[in-house]
Amino acid sequence: MSLTPLDMHGTRFGRAVEHPSLADAAYVARRNLIASRACGHQVGEPSPPVSYSEEEHATWRTVHAALRSVQDDWGCPQVLAAREAVPVPPDRVPQHEEVSDRLDALGGFRFTLAGGIVPNKRFLGAMADGYFHAVQYVRHPAMPLYTPEPDVLHDVFGHGIHLADPVFADLYRTVGQAAARVDSDDALDLISRVYWFTLEYGVTRTSRGPRAYGAALLSSYGELSRFARTELRPFDIDDLVRLPYQVDGYQPVLFTVDSMAHLADILHTFLDDFDEATCDRRNLPRLADRGFMNRPAHP
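What this report covers is the structure whose coordinates are included nearby. Within each chain, residues carry numbers counting from 1 in the order of the written sequence. Per-residue local features are limited, in this predicted model, to residues with pLDDT of at least 70; the limit for side-chain atom pairs, both in listing and counting, is 80 or more; totals at the level of whole chains, interfaces and linings are taken over all residues. As a convention, hydrogens and water are excluded, and side-chain values are obtained from all of the structure's heavy atoms.

**A short note on the overall build of the protein chain**
Moving on, step 1. Strands here are runs of E lasting at least two residues and helices are runs of H or I lasting at least four, both read from the DSSP assignment and numbered beginning at the N terminus. When you go through the protein chain residue by residue, the secondary structure sums to 14 helices and 10 strands.
Moving on, step 2. Counting the 299 residues in the protein chain, one finds 57% classified as buried.
Moving on, step 3. Note on definitions: a residue-residue contact is assigned when non-hydrogen atoms from the two residues lie within 4.5 Å. Here the contacts in the protein chain between residues at least 6 apart in sequence split such that 67% fall between residues at least 24 apart.
Moving on, step 4. Roughly 11900 Å² of accessible area belongs to the protein chain as shown, and the carbon and sulfur atoms make up 53% of that amount. Type-normalised accessible area, obtained with a 1.4 Å probe on protein chains alone, sets the label of each residue: buried when under 20%, exposed when over 50%, and partly exposed for intermediate values. Computed with the Shrake-Rupley method and a 1.4 Å probe, the accessible areas treat only the protein chains shown as cover for residues.

Rendered as structure tokens:
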């Protein structure tokens, strides 16, 4: 069953292709125009500026205000502290370069341009050199509180929170360094799944109960406001690599760590000596035997 929300309140679900960001021809044309500038872009080159419309700035304002509020309720203390250092204006869509300049000074990361979902080798590997792939288009105004694919709010206001914090930035580099050492789809998929259920969709235990630290949760009002009602499992790599998941919908299962120190220990233990033989050493299933992963296909 698809878990892509199709209404503002997250009460009606359906296929991702029914979501307005994939079904609205005018929106798709604008999205694709902005995304097309990533064609031929080299990692590390500055992102060209975008002239955003007033409607796009209004969508940013709506989502930014909603996310700040729900993050206060459900974000973990570490991400809330990091958020205050992120140079993300509440009233307009910022340009990549203005945010990158501040992130570079804080954690040594910059945004590099993406046109959508990026192949694992390039996306993950670039983190080793302090580059995070980010898009520039804004989510659909009719469904501002959930988007089935990354948009500029997800990348700049979600991952930007992480990259403003040196501890999180170190974890991104750790992911990137592991990806830079391998080339097979099998090995890169393992890293991608661990990244997905931690830095995108991670949850930590706190004295106030479960709280989100993953960037996908932090940038999705719909998911962040309901994540505590999902199935929460203790972090287990053997479990998560076998779990089917849908990139373009709500996650039915999330994995919890005990603390940010516990997260760092998990990632460094798994990734510091990661190589092409890690799958066999840990008796993990090969790519064909792992849980199915569904990604959005944009028109």
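There's more to say after this.
**A short note on the nonpolar core**
Moving on, step 1. Nonpolar cores were defined as sets of buried Ala, Val, Leu, Ile, Met, Phe, Trp, Tyr and Cys residues, with membership established by side-chain atoms within 4.5 Å. Residues M127, F132, Y172, I191, Y195 and F274 are the most contacted members of the largest nonpolar core, which totals 84 residues.
Moving on, step 2. Residues within four places of M127 in sequence aside, it is in contact with F109, F132, Y172, R173, V175, G176 and Y195.

**Examining the side chain of R139**
Moving on, step 1. Of note, R139 is situated in the loop between strand 4 (131–134) and helix 7 (152–163).
Moving on, step 2. Nitrogen and oxygen atoms within 3.5 Å of one another constitute a polar contact, given that in protein one can donate a hydrogen and the other can accept it, and given that sequence-neighbouring residues count only through two side-chain atoms. Polar contacts involving the side chain of R139 include one to the main-chain carbonyl oxygen of P144, which spans 3.0 Å.
Moving on, step 3. A distance of 2.9 Å separates the side chain of R139 from the side chain of D151, its partner in a polar contact.
Moving on, step 4. Residues in contact with R139, not counting those within four places in the same chain, are Y27, T59, V63, P144, L145, Y146, T147, D151, L153, H154 and S219.

**Section: the environment of W60**
Moving on, step 1. Assignment of secondary structure puts W60 in helix 3 (residues 54–74).
Moving on, step 2. For W60, a relative accessible area of 0% puts it in the buried group.
Moving on, step 3. For W60, the contacting residues outside a window of four places in its chain are V88, P89, P90, D91, R92, V93, P94, V152, L153 and V156.
Moving on, step 4. At 2.8 Å, the side chain of W60 forms a polar contact with the backbone oxygen of P89.

**Quick word on the pairing of strand 3 (residues 110–113)**
Moving on, step 1. Of the two faces of strand 3, the one holding R110 and T112 and the one holding F111 and L113 are both buried throughout.
Moving on, step 2. Whether two strands pair depends on DSSP finding at least two bridges between them. Here four bridges tie strand 3 to strand 4, and the two strands are oriented parallel to one another. Bridging from a neighbouring strand, T112 pairs with H133 of strand 4.
Moving on, step 3. Handedness of a crossover: with both strands directed away from the viewer, a clockwise path from the first strand across the helix to the second marks it as right-handed. Note on the crossover from strand 3 through helix 6 (residues 120–125) to strand 4: the handedness is right-handed.

**A look at the side chain of E200**
Moving on, step 1. You can see E200 is positioned in helix 9 (residues 185–200).
Moving on, step 2. Among the polar contacts listed, one links the side chain of E200 to the side chain of H154, at a separation of 3.5 Å.

**Side note on the pattern of salt bridges**
Moving on, step 1. Each reported salt bridge corresponds to a side-chain nitrogen of Lys or Arg within 4 Å of a carboxyl oxygen of Asp or Glu. Under the criterion given, the structure shown has 21 salt bridges.
Moving on, step 2. The salt bridge involving E97 is made with R110; its shortest N-O contact spans 3.0 Å. Placement of the pair is E97 in helix 5 (residues 96–107) and R110 in strand 3, with a sequence separation of 13 residues.
Moving on, step 3. For E97, a relative accessible area of 22% corresponds to the partly exposed category.
Moving on, step 4. With a shortest N-O distance of 2.7 Å, D101 and R110 are connected by a salt bridge.
Moving on, step 5. What makes D101 partly exposed here is its relative accessible area of 46%.
Moving on, step 6. When salt bridges that share partners are traced, they join D186, D189, R193, D280, R286 and R290 into one network.

**Regarding the packing of aromatic side chains**
Each aromatic ring pair is described using two quantities: the centre-to-centre distance and the angle formed by the ring planes.
Moving on, step 1. Pairing of aromatic side chains requires ring centres within 6.5 Å, counting the rings of Phe and Tyr and the six-membered ring of Trp. Pairs whose planes differ by under 30 degrees are stacked, by over 60 edge-to-face, and all others tilted. Here the structure, examined in full by the defined rule, presents 11 aromatic pairs.
Moving on, step 2. Here the aromatic rings of F197 and F255 are separated by 5.2 Å at their centres, their planes lie at 80°, and the arrangement is edge-to-face. Here F255 lies in strand 9 (residues 253–257) and F197 lies in helix 9, a separation of 58 residues in the sequence.
Moving on, step 3. Grouping aromatic residues by their ring pairs yields a cluster made of F109, F123, F132, Y172 and Y195.

**Here we look at the pairing of strand 5 (residues 203–206)**
Moving on, step 1. The pairing of strand 5 with strand 6 (residues 209–212) spans four bridges and is classified as antiparallel. The residue bridging T204 from the neighbouring strand is R211, located in strand 6.
Moving on, step 2. Taken together, the two bridges between strand 5 and strand 9 define a ladder with parallel strand orientation. Residue pairing for strand 9: V203 is matched across the bridge by T256.

**Re unusual backbone geometry**
Moving on, step 1. Its identity as a non-glycine residue notwithstanding, N283 has a phi of 55°, on the positive side.
Moving on, step 2. Its location among the elements puts N283 in the loop between helix 14 (278–281) and strand 10 (293–294).

**Points about the sheet that holds strand 6**
Moving on, step 1. Spatial ordering of the open sheet is given by 6-5-9-7, a layout of four strands whose pairing is mixed. With one partner strand each, in any of the chains shown, strand 6 and strand 7 (231–234) form the two edges of the open sheet. Each strand axis lies, on average, 40° off the axis of its neighbour in the sheet, ignoring direction. Whenever a helix is involved, its axis is fitted only over the stretch in contact; in every case the axis is a line through C-alpha atoms, and angles between N-to-C directions fall within 0 to 180 degrees.

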